[in-house]
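Residues per chain, in single letters:
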Amino acid sequence: MDEEFLYTPIQKLKEHLNDNCFFIKRDDLIPFSFGGNKVRKSILFFRELEKQEADYVVTYGSSSSNHCRVIANMAAIRKIPCLIISPLENNNMTMNKMMMTLFGAEFIYCHVTEVSKTIENSLNILRRKGWNPYFIEGGGHGNTGTQAYVNAFEEILKYEQDHEMQFNYIFHTSGTGSTQAGLICGKKINQTKHKIIGISNARRNPGGKQVIQDSVNSYLQKNGYIIESKNDVDFIDDYILGGYGDYNTEILNVIKSVFIKDGIPLDPIYTGKGYAGMLRYIQDNNIQNQDILFIHTGGTPLFSDALEEIVNGKGN
Ligand SMILES: *Cc1c(COP(=O)(O)O)cnc(C)c1O
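Residues numbered from 1 in each chain as written. Predicted model: local features only at pLDDT ≥ 70, side-chain atom pairs only at ≥ 80, totals over all residues. Heavy atoms only, no water.

Student: Can you walk me through the packing of helix H8 (residues 249-262) against helix H10 (residues 300-312) in this structure?
Tutor: Working note: a packed helix pair is described by the angle between its axes plus the distance between those axes. In contact at an axis separation of 10 Å, H8 and H10 are set at 100° when each is read in the N-to-C sense. Accordingly, the angle class assigned to the pair H8 and H10 is roughly perpendicular. Touching Leu252, Ile255, Lys256 and Phe259 of H8 are Phe303, Glu309, Ile310 and Val311, all from H10. Counted by class, the contact of H8 with H10 contains six nonpolar, no polar and two charged residues. (Axes fitted to C-alpha atoms, helices over the stretch in contact; angles between N-to-C directions. Helix = DSSP H or I, 4+ residues; strand = E, 2+ residues; numbered from the N terminus. Parallel < 35°, antiparallel > 145°, perpendicular 65-115°, else oblique. Contact = heavy atoms within 4.5 Å. Nonpolar A, V, L, I, M, F, W, Y, C, P; charged D, E, K, R; others polar.)

And the structure:
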């Protein structure tokens with residue numbers, strides 16, 4: 001798996017809220033380790049790792065992290081040891097966690113407040129032992145992660161050209177922000193009119209919005225674009241409920257409905273929360289008769305974790 005352009009399928013959904021036409025870009029079908037946006041990013045990270053001749057990979061994420069599963073898999077393929085710094089606060093046994101273990105990842109647990117210190121210490125210890133570690137930010141954040149979704153944006157443009165249409169809106173679940181930053185950079189570079197709406201699954205504004213704005217500026221600057229970048233990131237924090245990992249019956253019902261009508265699995269932590277948030281946003285802002293694209297950013301193992309509750313209701 002090392003293609004930069006993956007051309008994942010875009011298909012129509014049965015959803016028709018407010019006479020809008022809904023499409024979905026299936027990044028969950030990227031053919032590696034259950035796909036998802038973390039695969040797009042990881043392909044580029046591992047290319048960089050190889051260029052630097054790094055021999056150890058260190059990253060950060062919770063037990064639900066799709067990012068950590070994908071990184072652990074990519075490291076295992078190359079027989080490179082993988083260290084995951086993980087918060088004590090979010091440590092359920094999940095399919096992702098089991099797969100990280102299967103790939104032979106090592107774990108260091110710490111409190112969320114101790115993360116930066118723990119990462120720095122771990123990297124120092126590895127260097128002292130003679131390793132050349134490569135560190136990947138949680139969620140694959142940074143210019144490399146942003147690049148992955150500049151590429152995805154260009155795939156969307158290609159689809160539009162081929163089909164002689166243009167999406168009015170692009171929605172997706174926004175977490176650490178590089179997916180949204182990449183889409184926004186793609187829009188600015190190509191000077192298109194898409195409204196890119198990130199539905200936050202955890203972070204609040206103004207911080208969440210600022211992280212994305214900083215990523216956009218950093219990417220554009222690094223790549224030599226002189227584009228006036230005003231603070232216009234649509235990072236919506238109205239549907240985060242209690243924060244990361246929190247979900248409700250409405251989200252479970254949306255997941256159930258999309259799975260029954262379209263055969264597409266969403267999950268309650270990322271894509272289902274974002275999709276349900278999108279429907280709410282469309283109602284709250286009375287959006288009608290538009291062509292709307294939702295990006296399925298992956299996370300299929302989390303669908304399996306939640307299946308019992310999707311079938312029987314929350315708390316079962
Ligand atoms: C990580 C993740 C996101 C959020 O992407 P960011 O680039 O961190 O904003 C969305 N959906 C899924 C399934 C993810 O794993």
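From this point, things continue past the structure.
Student: What am I meant to see in the sheet that holds strand E6 (residues 133-136) here?
Tutor: Strand pairing in a sheet is mediated by backbone hydrogen bonds. Such pairs are either parallel or antiparallel. In spatial order, the strands read E5-E4-E3-E6; together these four strands make up an open sheet with parallel pairing. In this open sheet, the two strands that pair with only one neighbour each are strand E5 (106-110) and E6. Neighbour-to-neighbour, the strand axes of the sheet open up by a mean angle of 20°, direction not taken into account. Strand direction decides the pairing type here: strand E4 (residues 82-87) and E5, joined by five bridges, are parallel. Each bridged residue has a counterpart across the sheet, and for Ser86 the counterpart in E5 is Tyr109. Running at roughly 175° to strand E3 (residues 56-60), helix H2 (residues 66-77) makes contact with E3, E4 and E6 of the sheet. (Pairing = 2+ DSSP bridges.)

Student: What exactly am I supposed to notice about the pattern of salt bridges here?
Tutor: Close approach of charged atoms allows side chains with opposite charge to pair. Counted by the stated rule, this structure contains nine salt bridges. When the shortest N-O distance is used, the salt bridge between Glu114 and Lys117 registers 3.8 Å. Within this structure, Lys25, Asp27, Arg40 and Glu155 form a network of salt bridges that share partners. (Salt bridge = Lys/Arg side-chain N within 4 Å of Asp/Glu carboxyl O.)

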